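Observations on chain architecture
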Amino acid sequence: MAQETIDTNCMTLTRFILAEQKKYAPHGTGDLTQLLSSLQSACKAVSAAVRRAGISELFGAAGNTNVQGEEVKKLDILANDLFINMLRSSYAAALLVSEENDNEIEVETERQGKYIVTFDPLDGSSNIDCLVSIGSIFAIFRKPNEGPLAPGDALQSGRQIVAAGYALYGSATMMVLSTGHGVNGFMLDPSIGEFVLTDKNMTCKPRGKIYSINEGYEEKWDPAIREYVKSKKQGKAYGGRYIGSMVADVHRTLKYGGIFMYPATADNPSGKLRVLYECMPMAFLMEQAGGVAHTGEKPVLDFVPTKLHERCPIYLGSKDDVEDLLEVIAKHKIA
């Protein structure tokens, strides 16, 4: 058996973040670096829990529902607790917004930092029991004011995002991150317990060959969406791929190009995905990678939410594909 070579100079996520700080914020406090370090620790812990969920009897429902009315899985609770505890103890966060909690979580005054973190600790949790890829999503904002926290501090435009990313727990665990200077992917190497840079400067190609949407809701879509999806099945047809786990679907779109759509429907006229901790982080990453993310009315990052768990439609992916869809939407508005 050939001896496995060991990289004695690998670029770990921690090392990468420190290098980014030195390059772009040489006089910074290091608070963002500390916060990102806490987030990667949370993702490592969630990854370990996901891997041994069946053995630890973490599959199944916990018997209650979250603020979204979704049945809470045991792993959801564990992931949420891990994120909250890691972020609280980072001394860099002041306010936390989680999909699982009705209200913001204000960090104790003596532990408060200058950042606001929004996160979905375990996205795609309806897929937990059947071992389909799931993930965690997060975005980091600055506190808008120096003083004490005020109501509405978390309700910021996506243009205020400082950093965003996601962790994907699939055939391997990967963390994709942007601090506003491009997008990079890090694979978790279980032999050393570190995220290692494997996908440098990730970009989304201008046009792909895949469309991704839940076609079960076709009868409830707007006519523009029906027309666009139908056009993808004609001529040089696109492939249809839909996993039902946003992190997995967006990751594939980022890697292979194409378009991911979660439109408004007759039942959900505001869309289904949440703005602060699903749509905005993914939109930030997609724009940093050269793609586009739009609500059909405006770029997702221009959206300013008025409540914590606000929802919006989202269309993201390759620039040309999303622009084709927006042309169809505009045509229907004129008609």
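As a starting point, this report considers the structure included with it. The residue count restarts for each chain, going from 1 along the sequence in the order it is written. Local features are withheld for residues below a pLDDT of 70 in this predicted model, meaning they are given only at 70 or higher, and side-chain atom pairs are given and counted only at 80 or more; totals for whole chains, interfaces and linings count all residues. Values reported for side chains reflect all heavy atoms of the structure, with hydrogen atoms and water molecules removed beforehand.

1. Focus on the sheet that holds strand β6 (residues 134–142)
The strand order β4-β3-β5-β6-β7-β8-β9-β10 describes an open sheet built from 8 strands, whose pairing is mixed. Edge positions in the sheet fall to β4 (105–106) and β10 (194–199), since each of these pairs with one other strand and no more. Of the strand pairs in this sheet, strand β3 (residues 93–98) and β4 are connected by 2 bridges, and their pairing is antiparallel. Paired with L95 across the bridge in β4 is E106. Residue contacts are defined here by distance: any two heavy atoms, one from each residue, within 4.5 Å place the two residues in contact. A fitted line through C-alpha atoms serves as each axis, taken over the contacting stretch for helices, and the angle formed by two N-to-C directions is quoted from 0 to 180°. Comment: elements are numbered from the N terminus, with helices defined as DSSP H or I runs of at least four residues and strands as E runs of at least two. Lying over the sheet, helix α5 (residues 246–256) contacts β5 (115–123), β6, β7 (161–169), β8 (173–178) and β10, oriented at roughly 105° with respect to β7. Here helix α6 (residues 275–288) sits on the sheet in contact with β3, β5, β6, β7 and β8, set at roughly 100° to β7. One bridge is not enough; two strands pair if DSSP finds at least two bridges between them.

2. Some remarks on unusual backbone geometry
Positive phi, normally seen in glycine, also occurs at Y91, with a value near 60°. Its location among the elements puts Y91 in the loop between α3 (74–88) and β3. The backbone phi angle of N201 is positive, close to 45°, even though this residue is not glycine.

3. Here we look at the packing of helix α4 (residues 223–231) against helix α7 (residues 319–334)
Where α4 contacts α7, the two axes come as close as 9 Å, and the packing angle between them is 135°. Viewed along their axes, α4 and α7 adopt a mutual orientation that is oblique. Remark: the crossing between α4 and α7 carries right-handed chirality. The residues of α7 that touch α4, namely those facing P223, A224, I225, E227 and Y228, are D321, D324, L325, V328, I329, K331 and H332. In this scheme, roughly parallel covers angles under 35 degrees and roughly antiparallel covers those over 145, while 65 to 115 is roughly perpendicular and the rest are oblique. Each crossing gets its hand from how the near helix is turned against the far one by less than a right angle, where anticlockwise is left-handed and clockwise is right-handed.

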